[in-house]
Amino acid sequence: MIAPSEPGARVPHPVPPPTGGAPAAADLTPATVELFERAEDGRTLPALLWRAGPGWRMVSSAVLGGGLGARHWVLNAQVSHGYRRTDPAAHLAEIAAAAGLTGAGVGLLTAADVTARARTRDGGVDAVVTAGIEVRGWAAVPDAGMRVPAPAGSGGGTHVPGTVNVLAVVPAALSDAALVNAVATAVEAKVQALVEAGHDCSGTPTDAVCVAARTPRPGEETHAFAGPRSLWGARLARAVHRAVLTAAPARPSGPDRGSRSGGRVPAL
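(A) Representation of the nonpolar core in the model. The biggest cluster of nonpolar side chains holds 34 residues, and the ones touching the most others in it are Val 129, Val 170, Leu 174, Val 211, Leu 236 and Val 240. Only strand E8 (125–132), strand E9 (163–174), helix H2 (176–196), strand E10 (208–214) and helix H3 (231–247) provide two or more residues apiece to this core. Residues within four places of Leu 236 in sequence aside, it is in contact with Val 125, Ala 168, Val 170, Ala 182, Thr 185, Ala 186 and Val 211. Formed by 19 residues, the second largest nonpolar core is a distinct cluster that contains Leu 35, Met 58, Val 74 and Leu 108.

Written as structure tokens, this is what we have:
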């Protein structure tokens, strides 16, 4: 069932298009993220859900609803370790349908505990992060470097080893190029946070990101940039950075046993 929304969150209400370049007041209302549970494979598994509604464009690397376009919801579903299904997009569509979701949306999977999500806010930008970094490493490794084998008995299914999933919500209109720029900014902030927390990695092999921005409206500025020194990119970077730091706490001193690089950036 759907659990109450996060404390302090309010449901946005429709308002007329703004007459100036700044976002409308309702656009600055925190995104309402819900937590609900489902029965699957004899277990009760949680998921996070943002019912964005109309008026949003999203860019995402997600297996369901990835790419760039109008999207109405974002689902981040926790699955069991040793995930066996080979059709994750269809699986996410089933979960979405069971939750009563309609229209185009974004679906992400993770084996991380989504109830331990971190949420931060900076200048109107919301970031929600779930993080599991049991299997991690650097993005660029030699051909014989990090592999992520499917667990024994999985039948070769898709392995979801924790995963860092990032959702960032920007209450302003961004151009197509700026949306792509925002993804790069979010990933840079994620890596910065992981390194600052002492993790010997740039992420996990299955990390995913989704950035949402308002659909352009008459009289509203469409921002052409979302790099880390732009107005909205800087806010996004700070929000994602703090959320990742919270979701992936600093590791204890000593060898980083979850990394496959032996404590060093791999030589290529």
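Moving on from the model shown.
(B) Quick look at the sheet that holds strand E2 (residues 43–50). Within the open sheet, the four strands sit side by side as E1-E2-E5-E6. Their pairing is mixed. Edge positions in the open sheet fall to strand E1 (33–40) and strand E6 (106–110), since each of these has one partner strand only. The average angle at which neighbouring strand axes cross in this sheet is 25 degrees, direction not considered. Here strand E5 (residues 74–78) pairs with E6 via five bridges, running parallel.

(C) Examining helix H1 (residues 88–98) more closely. Of all the positions in H1, only Pro 88, His 91, Leu 92, Ile 95 and Ala 96 are classed as buried. The arc that holds the buried residues of H1, viewed along the axis, is 140 degrees, so those residues lie on one side. Structural note: H1 exposes Ala 97 and Ala 98 on the side pointing more than 90 degrees away from its buried face. Where the residues of H1 are buried, they touch E1, E5 and E6. Positive phi shows up at Gly 100, right after H1, with a value of about 80 degrees.

(D) A look at the pairing of E10. In terms of residue burial, E10 counts as a mostly covered element, since seven of its seven residues are buried. Along E10, one buried face is formed by Ala 208, Cys 210, Ala 212 and Arg 214 and the opposite face, lined by Val 209, Val 211 and Ala 213, is buried too. Two strands pair when backbone bridges link them, and strand E3 (residues 56–60) and E10 are joined in this way by five bridges, in the antiparallel orientation. Bridge pairing links Trp 56 to Arg 214 in E10. Bridge count between E9 and E10: seven bridges; the pairing is parallel. Bridge assignment links Leu 167 to a residue of E10, and that residue is Cys 210. For the segment spanning E9, H2 and E10, crossover handedness is right-handed.

The rules behind each value
- Residues numbered from 1 in each chain as written.
- Predicted model: local features only at pLDDT ≥ 70, side-chain atom pairs only at ≥ 80, totals over all residues.
- Heavy atoms only, no water.
- Core = buried A, V, L, I, M, F, W, Y, C linked by side-chain atoms within 4.5 Å.
- Buried < 20%, exposed > 50% of the residue type's maximum accessible area, 1.4 Å probe, protein only.
- Helix = DSSP H or I, 4+ residues; strand = E, 2+ residues; numbered from the N terminus.
- Contact = heavy atoms within 4.5 Å.
- Pairing = 2+ DSSP bridges.
- Axes fitted to C-alpha atoms, helices over the stretch in contact; angles between N-to-C directions.
- Arc of directions from axis to C-beta.
- Right-handed = clockwise from strand over helix to strand, strands pointing away.

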